[in-house]
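Structural features, examined
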Amino acid sequence: MSQTLGEKLRQAREERGISISEVAEQTRISALYLESIENDNYKPLPGGIFNKGFVKTYAKYVGVDENEALSDYARLAAAE
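Every residue gets a number counted from 1 within its own chain, in the order that chain's sequence is written. Only residues with pLDDT of 70 or above have their local features reported here, since the model is predicted, and side-chain atom pairs are shown and tallied only from 80 upward, although totals for entire chains, interfaces and linings are computed over all residues. For the side-chain quantities, the full set of heavy atoms in the structure was used; hydrogens and water were omitted.

**What about unusual backbone geometry?**
So the rule is basically this: Only DSSP runs of H or I reaching four residues or more are called helices, and only runs of E reaching two or more are called strands; each is numbered from the N terminus. Burial status follows relative accessibility: with a 1.4 Å probe on protein chains alone, a residue under 20% of its type maximum counts as buried, one over 50% as exposed, and anything between as partly exposed.
In the Ramachandran plot, Arg 28 falls in the positive-phi region, its phi being about 60 degrees despite a non-glycine side chain. Take Arg 28: it is sitting in the loop between helix 2 (20–27) and helix 3 (31–38). Residue classification places Arg 28 among the exposed positions, given a relative accessible area of 76%. With a phi close to 55 degrees, Asp 40 is a non-glycine residue in the positive phi region. The topology assignment puts Asp 40 in the loop between helix 3 and helix 4 (48–62). Note on Asp 40: relative accessible area 23%, which makes it partly exposed.

Take a look at the structure:
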């Protein structure tokens, strides 16, 4: 089975040896939000355009294709 968006982002982050706190510091996204994204739990996030921005920024920082990450997120959002 293919990886979820959160799994892809976590794997990319771990492969680069980057901690959640480093991503939070560099992207200015709360560590809680980053952990929620990695766990594919979008309920704690503010929603809407903010979530898209967080996903895009996180993906870019860890080297995941931003458009692929946004389309994965769009599918998740549509399923909820």
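Back to the write-up after that little detour.
**Digging into the side chain of Glu 38**
The condition is simple: Here a polar contact is taken to be a pair of N or O atoms separated by no more than 3.5 Å, where protein atoms must pair a possible hydrogen donor with a possible acceptor and residues adjacent in sequence count only if both atoms sit in side chains. When checking whether two residues touch, look at their non-hydrogen atoms; a contact exists if any pair is within 4.5 Å.
By the secondary structure assignment, Glu 38 is in helix 3. Taking the relative accessible area as the measure of exposure, Glu 38 reaches 5% and is therefore buried. Polar contacts involving the side chain of Glu 38 include one to the side chain of Tyr 58, which spans 2.4 Å. Among residues more than four places away in sequence, those in contact with Glu 38 are Gly 6, Glu 7, Arg 10, Arg 13, Ile 20 and Tyr 58.

These figures capture arrangement, not role.
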